[in-house]
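Results of the structural survey
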Amino acid sequence: MQTAVGAFGGEATAVGIDVPPLMEENTGNSNRPAISSLNCPPFIAVELCREEMGIHPCDRRRSISEYKSMFPAIDFSLIETDRDVWWSPKTREKPEDVAARGLKFMKWLLTREEKEIVVVSHGGFLIHTLRAYGDDCHPTLKKEMSI
């Protein structure tokens, strides 16, 4: 989320303007100022497009209540549980399961009414999702993914 906010967020918060910040000051010990949500597109957290899951603690998400306090202007309403119930300490998600989750995400994405959408996710998720499309993608993308 820090990447998305840094890339597409507003400027530093402005005194006297009452909008929630996209990211609070020093989130994740970043030593960064708060980032305003003023004049920003909507930010929606979608659990389907998260990193490959399992075994590695870095792939486990924090609780949504923690995220809400760090990223007040991000919409977390589509995430059903506060704690991470998808991550397992004993098994790693299979690539074909990541791809299936990615395709489910893409189907959801097509239901959105917006005309321009940016997806910010993780490399493992994106590569497995895009590989599921196989030859049905742009040649530049195929070369990048070594298909």
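Residues numbered from 1 in each chain as written. Predicted model: local features only at pLDDT ≥ 70, side-chain atom pairs only at ≥ 80, totals over all residues. Heavy atoms only, no water.

**Some words on helix α4 (residues 123-131)**
Along α4, the residues classified as buried are Gly124, Phe125, His128 and Thr129. Each buried residue of α4 sits inside an arc of 120 degrees when the element is viewed along its axis, so together they form one side. Tucked into the core, α4 has its buried residues touching α3 (95-109). (Buried < 20%, exposed > 50% of the residue type's maximum accessible area, 1.4 Å probe, protein only. Helix = DSSP H or I, 4+ residues; strand = E, 2+ residues; numbered from the N terminus. Arc of directions from axis to C-beta. Contact = heavy atoms within 4.5 Å.)

**A look at unusual backbone geometry**
With phi around 60 degrees, asparagine 26 is a residue other than glycine that occupies positive phi space. Looking at the secondary structure, you find asparagine 26 in the loop between β1 (21-23) and β2 (35-36). The exposure class of asparagine 26 is partly exposed, given its relative accessible area of 36%. A positive phi is found at asparagine 39, a non-glycine position, where the angle reads about 60 degrees. Inspection of the secondary structure puts asparagine 39 in the loop between β2 and α2 (64-70). Given a relative accessible area of 75%, asparagine 39 falls into the exposed group.

**Quick word on the environment of leucine 78**
Position of leucine 78 relative to the elements: it lies in the loop between α2 and α3. Expressed as a C-alpha distance, the spacing of leucine 78 and leucine 48, which sit 30 residues apart in the sequence, is 9.9 Å. Once residues lying within four places of it in the same chain are set aside, the contact partners of leucine 78 are Ile44, Ala45, Val46 and Trp108.

**Remarks on the nonpolar core**
Counting 15 residues, the largest nonpolar core has Val5, Leu22, Phe43, Tyr67, Phe71, Ile74 and Phe76 as its most contacted members. Contributions of two or more residues to this core are made by α1 (2-8), β1 and α2. Considering every element that reaches this core, the biggest residue donor is α2, with 3 residues. One finds Leu48, Val98, Phe105 and Phe125 within the second-largest nonpolar core, a separate group that totals 7 residues. (Core = buried A, V, L, I, M, F, W, Y, C linked by side-chain atoms within 4.5 Å.)

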